[in-house]
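# Secondary and tertiary structure notes
Here's the letter readout for the chains.
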Amino acid sequence: MKINIVKPFLPSLSELETEFTECLKSGMVTNNSQYVRELESNLHKFYKSNLKPLTFSNGEMALFSLIQAYKLKLGYGPLDSFDVLVPSFTFAGTINAILMNNLRPVFCDVDGGFTLDIKKLNSNYSSLIDDLDPYIPNIKLMVCVGAYGNLPNIDLVRKFSEENDIKVIFDNAPAFGSTYKNKFTCNHGFSEIYSFHASKIFSTMEGGGAITNDPDIHNSLIKLRDFGQYEKVRGNVDVPGLNSKMQEISALVGIKNLEKVDFILNNRKNNIERYKEFFGSKENSEFFNVMDVSTDVDCTYLYYPIVLKEEATPFVNYMQDNNIMVRRYYTAVHELDLYKNKYMSLDLSYTNEIKDKVVSIPIHTIMKNEEMDYLFETVNNFFKNEKSTS
Ligand SMILES: *Cc1c(COP(=O)(O)O)cnc(C)c1O
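Report on the accompanying structure. Every value quoted in this text rests on a predicted model; they were computed, and no experiment measured them. (Residues numbered from 1 in each chain as written. Predicted model: local features only at pLDDT ≥ 70, side-chain atom pairs only at ≥ 80, totals over all residues. Heavy atoms only, no water.)

## Quick word on the site of the ligand
Quick reminder of the rule: We call a residue near a molecule or strand as soon as one heavy atom of that residue lies within 4 Å of the molecule or strand. Nitrogen and oxygen atoms within 3.5 Å of one another constitute a polar contact, given that in protein one can donate a hydrogen and the other can accept it, and given that sequence-neighbouring residues count only through two side-chain atoms. Accessible surface area values rest on a Shrake-Rupley calculation with a 1.4 Å probe, where residue burial reflects the displayed protein chains alone.
Inspection of the region around the ligand gives 16 residues, with G59, E60, D171, S195 and K200 positioned closest. At a separation of 2.9 Å, a nitrogen atom of the ligand approaches a polar side-chain atom of D171. Protein contact buries 91% of the 380 Å² of open area that the ligand shows by itself.

Here you go:
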């Protein structure tokens, strides 16, 4: 038996055939055509957001454009700079979207939920900033990350944002379907992006979405994803947008997948229950810890992360040898070549403690009981047999 790290959930060709044939015949394959508009309307119903969600070519470009929109709204030009708080424990895509806006990341710690340690920021912000001395940061924006679908305490995020006059946006690329106090992040008043990549929970193959309640940001995003054009006939531009429009085949895949969103989320919920029962058991707590998820959060778990008591290589190798494709994800990006020793960090003690011990276990939308049994049995075998004899 082989269990891949992801198993994309996608419609069959026959579900797309009629509509896609029409697209090809009419030549209307991109540029905010029928199916992109229909997907955005359907996402609007799903999110019940104030403003319509906007689709993008991928999650990173949605994030890049959202950061750019905030930068412009704050009165900065494209080549101006300021500092941005962001967890180190994320995907490089988060950081690159900041860097390519000519902004400077200031890496922050996460807590046991693997999202930004907002309690630490709220209670110690000035002393954490003082630790950067002699550097005096000009922090205008914070990017929270919905790692593995988990969300931080959004009430504390709001408090921090208001008290320190720092705008907050969410890279919820991995967090499709997750809620805090039964509401999506956007309905708590924050702008957020999602990835609709094939590896994510809801997929358009490649794709992304941005949702904001702020009409200025919304209008800015519509321009930015279309080269910055605000006047179509002459193609006049007033901001340097990068083309990042979704095209029709992705939108069609999205429409079909969104029709099955209850099925997707319910299946995941059932699988998550089984994982929690196994990985969260008392016997297993001597070998690893699981992600802290607040009772306020309904987490859709893109992967099931565990933190081993030791460096993860032997466990990772054992799982791979048994055809279970685990992943060392996320990681502490402040240590990756591109960023190492180049950008500021606040205290990262928890991130540094876990970075070599975290393993992501696959959890698919469609998963047979036998696959889960095999996965749990293999984990058991590593800890109960292999380890004691090695
Ligand atoms: C997947 C992911 C992205 C990238 O999304 P794409 O759609 O692949 O561009 C960015 N940030 C985080 C945290 C992610 O998990």
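## Structural notes on unusual backbone geometry
Formally: Numbering goes from the N terminus for both helices and strands, where a helix is a DSSP run of H or I of at least four residues and a strand is a run of E of at least two.
Cis rather than trans, the peptide bond between D133 and P134 has omega equal to 15°. Omega for the peptide link from Y329 to Y330 comes to -5°, which places this bond in the cis form. Phi at M205 is positive, roughly 80°, even though this residue is not glycine. One can find M205 in the loop between β8 (191-195) and β9 (208-211).

## What to know about the sheet that holds strand β14 (residues 304-308)
Using the following cut-off: At least two bridges found by DSSP between two strands is the condition for calling them paired. Working convention: axes come from line fits to C-alpha atoms, limited for helices to the stretch in contact. Angles between N-to-C directions cover 0 to 180 degrees. The contact rule is simple, with two residues in contact once any of their heavy atoms fall within 4.5 Å.
One open sheet holds the three strands; their spatial order is β12-β14-β17, and the pairing between them is antiparallel. A strand with exactly one partner marks an edge of an open sheet, and here the two such strands are β12 (288-290) and β17 (358-361). Direction aside, neighbouring strands of the sheet carry axes that sit 30° apart on average. Its contacts with the sheet put helix α9 (residues 261-279) on β12, β14 and β17, and the angle it makes with β14 is roughly 10°.

## Let's talk about the side chain of N122
The topology assignment puts N122 in helix α5 (residues 118-130). Of note is the side chain of N122, whose polar atom sits 3.1 Å from the backbone oxygen of L156.

## Some words on the nonpolar core
Burial of nonpolar side chains together is a common tendency in soluble globular proteins. Defined as follows: Definition of nonpolar core: a set of buried residues of the types Ala, Val, Leu, Ile, Met, Phe, Trp, Tyr and Cys, connected through side-chain atoms within 4.5 Å. When accessible area is computed with a 1.4 Å probe and restricted to protein chains, residues below 20% of their type maximum are described as buried, those above 50% as exposed, and intermediate ones as partly exposed. Residue ranges assigned to the domains are those given by an automatic or database domain assignment.
Residues L85, M142 and F279 are the most contacted members of the largest nonpolar core, which totals 94 residues. Take this core: its biggest share by element is seven residues, from α9. Mapping this core onto the domain boundaries places at least three of its residues in each of domain 1 (13-258) and domain 2 (261-389). A62, L221, V239 and Y339 belong to the second largest nonpolar core, which has 33 residues in total.

## So, the pairing of β9
Going residue by residue along β9, you find G208 and A210 tucked away on one face and G209 and I211 tucked away on the opposite face as well. One ladder, built from three bridges, connects strand β1 (residues 54-56) with β9; its direction is antiparallel. By the bridge assignment for β9, F56 is matched with G208. By the bridge criterion, four bridges tie β8 to β9 in an arrangement that is antiparallel. Across the sheet, S195 pairs through a bridge with G208, a residue of β9.

## Things to note about the packing of aromatic side chains
Basically, it comes down to this: Pairing of aromatic rings covers Phe, Tyr and Trp, the last through its six-membered ring, and needs centres within 6.5 Å; plane angles under 30 degrees mean stacked, over 60 mean edge-to-face, and all others mean tilted. Whether a charge sits over a ring comes down to the Lys NZ or Arg CZ being within 6 Å of the ring centre and within 35 degrees of the ring normal.
What the rule picks out here adds up to 37 aromatic pairs. Aromatic side chains F46 and Y47 sit 5.1 Å apart centroid to centroid with 85° between the ring planes, which places their arrangement in the edge-to-face category. One residue, R327, lies across the ring of Y329, its end atom 3.7 Å from the ring centre.

## Here we look at the pattern of salt bridges
In plain terms, the rule: Any carboxyl oxygen of Asp or Glu within 4 Å of a side-chain nitrogen of Lys or Arg constitutes a salt bridge here.
Taken as a whole and judged by the stated rule, the model has 19 salt bridges. In this structure, the salt-bridge partner of K120 is D347, at a minimum N-O distance of 2.6 Å. One end of the pair, K120, is in helix α5; the other, D347, is in the loop between β16 (344-345) and α11 (349-354), and 227 residues separate them in sequence. Classification of K120 as buried rests on a relative accessible area of 16%. Judged by its relative accessible area of 33%, D347 falls in the partly exposed class. Measuring nitrogen to oxygen at the nearest pair gives 2.7 Å for the salt bridge that ties R274 to D373. Of this pair, R274 sits in helix α9 while D373 sits in helix α12 (residues 369-389); the two residues are 99 residues apart in sequence, bridging distant segments of the chain. Residue D373 is classed as partly exposed on the basis of its relative accessible area, which comes to 37%. Within the structure, one salt-bridge network assembled from shared partners comprises K73, D214 and D216.

## Remarks on the state of the cysteines
Basically, it comes down to this: Any two cysteine sulfur atoms within 2.5 Å of one another count as a disulfide.
All told, the structure shown has zero disulfides when counted by the stated rule. C144 takes part in no disulfide bond, and the closest cysteine sulfur, belonging to C108, lies 9.0 Å away. Assessed through its relative accessible area of 0%, C144 is described here as buried.

Keep in mind that these numbers describe shape and distance, not what the molecule does.
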